[in-house]
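# Architecture at a glance
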Amino acid sequence: MSIDSLRRSARATVSGLPQGFWWLWLSTLVNRTGAFVLTFLSLYLTVELGHSAWFAGLVVALHGLGGVAGSPLGGTLTDRWGRRPTMVTMHLAAAACAAALAVVTSAWAIATVVLLMGVAMQAVRPSINATIADMVPAHEVRRAYALNYWALNLGFAIASIGGGAAIFLGYRTLFVVDAVATVLCAVIVFLRLPETRPEARTDKAGEPVVEAKVSMVTVLRDAPFRTLVLLNLLVCLVFTAPWIGLPLTMADQGLSPSSYGVVIAVNGIVIVGFQLLVNRLTDKRSPVLLLSLSSLLFAVGTGATALAGSSVVAFAATVVVWTVGEMIHVPTNAAATALLAPEHARGRYQGVMGMSWAVAGFVAPIGAGAIVDGPGPNVLWAVTFAIGILAAVGYTLRLRKALVDDSDVDGSDGGSSDSQGDIVGIAGEAEVEVVVVGDITGDSTGKAAVSA
């Protein structure tokens, strides 16, 4: 492929989206560029404050637990209050929590602030994803989510490098910078992003159309969407497991933490370098096909970790495989949820989908650690392989009819009248001692706490 063809492909990937989307994209980039709290929290707690690795892991898990509550809260506020005010409020709340961490020192205070920060960070995700679905034509929604996810990872890569270089300034300084970046993100949203919540519909006589009331219970009763959420939970469990299991597995093989740092850096490098290309290659493909493929890539990539032995190159190759699955899955799942969501309930559907990421971000690190300490690392990778295969089969058998290719609804408003859903939220991914990678997608992000 020539340089000119690559340039044309890149232009085609980023062209044709509304100006409002790019302001939202910029706010995501700014927010993640200053995302230092989760990246350095475990080191701050253990190295700076002298707490145990167990306590550091617990605090990071509390961030994920906060996301479980924050996601439905944010979804409800997004529908009732509006996208823009929800984003601004939750960004400012997250900034206040980041600033508070630079001041508080007691264990209980830190745990409380991190829990509240998890609520705020996850609560903003439904409004972000609803805004994208509101302003972008349905046939372009998956591309928009992919671009936003690319901004998230690009910002996180910058934060990781900048934070490492600036660590001599002190952890508290980094937390203040995080707070400032998050406030700047809120300012961009407040000044440049229009409110996109759909107005109440009217009939031909000009009378308001009464929309069916949608509660969280109503969302969970939507069978296709419920299936999508459950399958996404399975994928999220597989996606989150390596962030705990991989460093422990490599340590079991006698490899150093620096070797793990090199291997896990492959994830960010591949996403930043190839997300636009992957998006171009998968454009207009069947959502079911892509979700099944991404699940298989997660299964093969994590499962092959058991065969890596003590080779750093082999471990890096496994990361490449499941990272490609991540790049396909996050925007496709977001677009699939958008396809299933009615306009007036996009926030609530997004909130429920975000809970699947948050639950995985809380459960998977605990489960992965228990399996590694018990039966051993190879059992963990066998389990993730089996779960990934199960998810791929589930997408193929259960959602083929529910998910129509988004290219077939060109020109629609991003939702379907007889189906419901939208969002990818990212639940944080915890590491016991080294780093919490911001999310996923995201977060979580944690990396998974921010996906999409």
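## Focus: the overall build of the chain
- When you go through the chain residue by residue, the secondary structure sums to 16 helices and zero strands.
- In the chain, which comprises 452 residues, the share counted as buried stands at 57%.
- Of the accessible surface of the chain, which amounts to about 17200 Å², a share of 68% is contributed by carbon and sulfur atoms.

## A look at the pattern of salt bridges
- Tallied over the entire structure, the rule returns six salt bridges.
- The partner of Arg348 in a salt bridge is Asp79, with the nearest N and O atoms 3.2 Å apart. Of this pair, Arg348 sits in helix H15 (residues 346-373) while Asp79 sits in helix H4 (residues 53-80), and the two are 269 residues apart along the sequence.
- On the basis of relative accessibility, which here comes to 10%, the residue Arg348 falls in the buried class.
- Across the salt bridge formed by Arg346 and Asp134, the nearest N and O atoms sit 2.4 Å from each other. Here Asp134 lies in helix H6 (residues 107-135) and Arg346 lies in helix H15, a separation of 212 residues in the sequence.

## Quick word on unusual backbone geometry
- Residues other than glycine seldom take positive phi values, yet Lys284 does so here, at roughly 70°.
- Here Lys284 lies in the loop between helix H12 (257-282) and helix H13 (287-303).

## Focus: the environment of Gly301
- Considering the arrangement of structural elements, one finds Gly301 in helix H13.
- Once you skip the residues sitting within four places of it in the chain, Gly301 turns out to touch Thr318, Val321 and Trp322.

## Observations regarding the packing of aromatic side chains
- Tallied over the entire structure, the rule returns 12 aromatic pairs.
- When the centroid spacing of 6.4 Å and the interplanar angle of 40° are considered together, the rings of Phe36 and Phe40 count as tilted. Neither residue differs from the other here; Phe36 and Phe40 are each classed as buried.
- With 6.2 Å between their ring centres and 65° between their planes, Phe239 and Trp322 make a pair best called edge-to-face. With a gap of 83 residues between them, Phe239 in helix H10 (residues 223-240) and Trp322 in helix H14 (residues 312-339) connect regions that are remote in the sequence. Each of the two residues, Phe239 as well as Trp322, counts as buried.
- The rings of Phe239, Trp243, Phe298, Trp322 and Trp357 are connected pair by pair, giving a single aromatic cluster.

## Considerations on a nonpolar patch on the surface
- A grouping of Leu92, Val183, Leu184, Val187, Phe190 and Leu191 is seen on the molecular surface, where their side chains present a nonpolar patch of about 520 Å² in accessible area.
- The element best represented in the nonpolar patch is helix H8 (residues 171-192), accounting for five residues.
- With respect to the helices and strands, Val183 occurs in helix H8.
- Relative accessible area serves as the criterion here: at 34%, Val183 is assigned to the partly exposed category.

Quick notes on the rules
Residues numbered from 1 in each chain as written. Predicted model: local features only at pLDDT ≥ 70, side-chain atom pairs only at ≥ 80, totals over all residues. Heavy atoms only, no water. Helix = DSSP H or I, 4+ residues; strand = E, 2+ residues; numbered from the N terminus. Buried < 20%, exposed > 50% of the residue type's maximum accessible area, 1.4 Å probe, protein only. Areas by Shrake-Rupley, 256 points an atom, 1.4 Å probe, with all protein chains shown as cover. Salt bridge = Lys/Arg side-chain N within 4 Å of Asp/Glu carboxyl O. Contact = heavy atoms within 4.5 Å. Phe/Tyr/Trp six-rings, centres within 6.5 Å; stacked < 30°, edge-to-face > 60°. Patch = residues over 30% accessible without salt bridge, like charges linked within 9 Å, V, L, I, M, F, W, Y side chains within 5 Å.

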